[in-house]
Amino acid sequence: MAHLGPGKAASSKEQTGLRYPSNGKTIYHRPLNRTKTAELSQSSFAYLFSEMVSYAQRRVTGIQELEKRLNLQGHPIGLKLLDLLLTREPPRSQTRPLTIIALLHFIKINLWTHLFGRQADRLEKSSNPDTPDEYMIIDNEPLVNAYISVPREMSQLNCAAFVAGIIEGVCDGAMFPARVTAHSVGGKEEGEMWPGKTVFLVKFQPEVLEREALIGKG
Amino acid sequence: MSYYFAIIGTQDNPLFEYEFGTSKQGGDGQPRFAEQARHLNQFVLHSSLDIVEEVQWTNGQLYLKVIDKFFTNYISCFMTAGNVKFLLLHQPTATAGGGGGGAAAASTRNSTSVGANPTSPQTEEAIKNFFNEVYENYVKAIMSPFYKVNMEIRSPVFRQRVTAAGRKYL
Amino acid sequence: MASSKASRLGEETRMDKVNAELVVLTYGTIVAQLCKDFDSDYVEVNKQLDKMGYNIGLRLIEDYLAKSNTVRRCSNFRETAEMIAKVGFKIFLNITPTITNWTSDGKQFSLVFDENPFADFVELPDDGRAQDELWYSNILCGVLRGALEMVQMQVEAHFISDVLRGNDTTEMRISLIRYIDDELPPEDD
């Protein structure tokens, strides 16, 4: 990661060699909200996603490593969406999340609605007194699992690890460093209402809870 | 008025810097920092980061207004959602006749204008508009899949956009 | 006649939709990961993208046939081009590239992309090489190659310009190599 000392940025400016089309077709010339409500075919997403999974699969050994990799690929998306979605808020509600609850609401409502067209189904705090740093975001039917038929030998794989990575990116970007993992909790029995039900377990770093305690006092 | 604008990453590393002068009240857009002060600007800006850290967890607004003052240097701050800081050091031109903004400093009629008074509501609003426009372009820069967190922003189009925002509002 | 029919097919096709930015960002993270895995060897990244696209193309054709209600084989390569641009791209990327620059033998044409959702948020790395070597949307070439192979056409597809490289247009060149005989497996070259 670039860690420039003061002054370095100044000396290297204007050295870029990028070329741009004369008609000005760059991201900077398009409104940021141009594709805010644009839609594409679900199958396009499914094809890309399953190619991403099978490519990742060839480069790892074991399910844990694969999930870790999918998480890593989601992470930068979360970092980007955090800023993108906040700029799209009306000025009045354009505030940075300062508390865990504000952050989780942003994820459950803004992030989910943007990505999946609906809010996440539930938000829960761990009821275990030993893990006050754990929260759960519950999705009864994650989109990413709707298309991916997981091979039998990988039945433990949850492709929602990609979404977990996106969530983790949002948390890290907002300075609530956390580890986020996806867990299938849907029943396997016949007639089960939500066989793909997934819990995203958000485990915050200790410093997040410490800060939260301080802010609460102040 | 002379300005020094910097985008500071989450590791307190500079991602972008730009020095300019006012384009209001007939200003030519050129900065008029004294040669000695120029070298100090970076340090003044960096020394205000401690204050930003105090404010950022009590105020969830993106625009935090003037957060620090060092002699005649005022520091305005804007925090992105990703906790990257936009810092703008603004310094009214010290002596009348020294530049575009100089004449304004002496006149009462203009004392609330952008070119003269660093804490007037007008200046506050102008800086807010400047930051908002930079933010929109910043988000475009970081949306690229090749942009990694805390990477220096080197796009010349981005620089043009910041320059244009400065000319438009400040 | 074939042209207007193709447009209508593209418009009428209904299906489940997802947020476009989810698709675009997912593609972005795939390309960025490839660049990392192959240490910015962009020639290799192009190959990998083409390969991924080919895999997609092999599976996508059935989906395409079902969604477009196409029952009949295209009678010639020009009709194939129409169906690719006005039905295929319309269904899967909601764009309609322009067909142009046919060779006189009718075996080669270009698709010019006024819009390319994949490239929406992209600025190529400023490393002095990416703009000369990386074809950011190269997966699309593979998709065409794979899908057409499934309907007995061996084609070659590659980009010849890209606005991300500073060109004024984004253009893909597609050449028909041959029609594949039903009985014989496709030959590798």
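Looking at an unreviewed UniProt entry, one finds chain B named Trafficking protein particle complex subunit 2 and attributed to Staphylotrichum longicolle.

In the annotation of an unreviewed UniProt entry, chain A is listed under the name Trafficking protein particle complex subunit and assigned to Staphylotrichum longicolle. In the Subunit (unreviewed entry) part of its UniProt record, chain A is described as follows: "Part of the multisubunit TRAPP (transport protein particle) complex." The Sequence similarities (unreviewed entry) field of the UniProt record for chain A holds the comment "Belongs to the TRAPP small subunits family. BET3 subfamily."

(A) Just the overall build of chain B, in detail. The helix and strand tally for chain B stands at 5 helices and 5 strands. Seen in sequence order, chain B has helices and strands lined up from the N terminus as β-β-α-α-β-β-β-α-α-α. Taking all contacts inside chain B whose residues are at least 6 apart in sequence as the whole, residues at least 24 apart take part in 55%.

(B) Quick peek at the sheet that holds strand E2 (residues 98–100) of chain C. All names here are of chain C. What the 4 strands build is an open sheet, ordered E2-E3-E5-E4; its pairing is antiparallel. Each of the sheet's edge strands pairs with one partner strand only, and the pair in question is E2 and strand E4 (153–161). Neighbour-to-neighbour, the strand axes of this sheet turn through a mean angle of 25 degrees, independent of strand direction. As defined by bridge partners, E4 adjoins strand E5 (residues 171–179) across 8 bridges and the pair is classed as antiparallel. The residue bridging His158 from the neighbouring strand is Arg173, located in E5.

(C) Focus on the interface of chain A and chain C. Listed by partner, the interface residues are 34 residues for chain A and 38 residues for chain C. Where the side of chain A that touches chain C is concerned, the elements lending two or more residues are strand E1 (39–41), helix H2 (42–58), helix H3 (63–87) and helix H4 (100–116) of chain A. Of the residues forming the side of chain A that touches chain C, the biggest block, 10 residues, is contributed by H2(A). Summarising the sheet, E1(A) and strand E1 (residues 17–19) of chain C pair through 3 bridges and their orientation is antiparallel. Directly across from A:Leu40, in E1(C), lies its bridge partner C:Val18.

(D) Structural view of the interface of chain B and chain A. On the side of chain A, 33 residues touch chain B, which itself brings 35 residues to the contact. It is helix H4 (residues 121–143) of chain B that contributes the most residues to the side of chain B that touches chain A, 7 residues altogether. Looking at side-chain class alone, the side of chain B that touches chain A contains 16 nonpolar, 13 polar and 6 charged residues.

(E) Region of interest: unusual backbone geometry. All names here are of chain A. We note that Met175 has phi near 65 degrees; this positive angle belongs to a residue other than glycine. Mapped onto the elements of the fold, Met175 is located in the loop between helix H6 (161–173) and strand E4 (178–184). Residue Met175 is classed as partly exposed on the basis of its 18 C-beta neighbours within 10 Å.

(F) Structural view of helix H4 (residues 77–93) of chain C. Residues and elements named next belong to chain C. Along H4, the largest kink reaches about 35 degrees and is centred on Ile84. Across the 17 residues of H4, 15 count as buried, placing the element largely inside the fold. Positive phi shows up at Asn94, right after H4, with a value of about 55 degrees.

(G) Layout of the environment of C:Arg78. Residue and element names in this part refer to chain C. Of note, Arg78 is situated in helix H4. With 16 C-beta atoms counted inside 10 Å, the residue Arg78 sits in the partly exposed group. Sequence separation between Arg78 and Asp39 is 39 residues; the distance between their C-alpha atoms is 40 Å.

(H) Region of interest: the packing of H2(A) against H3(A). All names here are of chain A. Running from N to C, H2 and H3 cross one another at 130 degrees; their axes reach a closest spacing of 10 Å. As judged from the angle between their axes, H2 and H3 are oblique. Relative to H3, the crossing made by H2 is right-handed. Residue-level contacts link Met52, Val53, Ala56 and Gln57 of H2 to Leu66, Arg69, Leu70 and Gln73 of H3. Along the lines of polarity and charge, the residues of the contact of H2 with H3 split into 5 nonpolar, 2 polar and 1 charged.

(I) Fine view of the sheet that holds strand E1 (residues 2–8) of chain B. All names here are of chain B. Taken together, 5 strands build an open sheet; the order of strands is E2-E1-E5-E4-E3 and the sheet is antiparallel. At either end of the open sheet lies a strand with only one pairing partner, and these are strand E2 (14–21) and strand E3 (63–70). Along the sheet, successive strands turn relative to each other by an average axial angle of 20 degrees, direction set aside. In terms of strand pairing, E3 meets strand E4 (residues 73–79) through 6 bridges, oriented antiparallel.

Cut-off values and rules
- Residues numbered from 1 in each chain as written.
- Chains lettered and ligands numbered in written order.
- Predicted model: local features only at pLDDT ≥ 70, side-chain atom pairs only at ≥ 80, totals over all residues.
- UniProt positions renumbered as here; feature names shortened; annotations may be inferred.
- Helix = DSSP H or I, 4+ residues; strand = E, 2+ residues; numbered from the N terminus.
- Contact = placed C-beta atoms within 7 Å.
- Pairing = 2+ DSSP bridges.
- Axes fitted to C-alpha atoms, helices over the stretch in contact; angles between N-to-C directions.
- Nonpolar A, V, L, I, M, F, W, Y, C, P; charged D, E, K, R; others polar.
- Buried ≥ 20, exposed ≤ 12 C-beta atoms within 10 Å, placed from the backbone.
- Bend = angle between axes of the 7 residues up to and from the residue.
- Parallel < 35°, antiparallel > 145°, perpendicular 65-115°, else oblique.
- Left-handed = near helix turned anticlockwise from the far one by under 90°.

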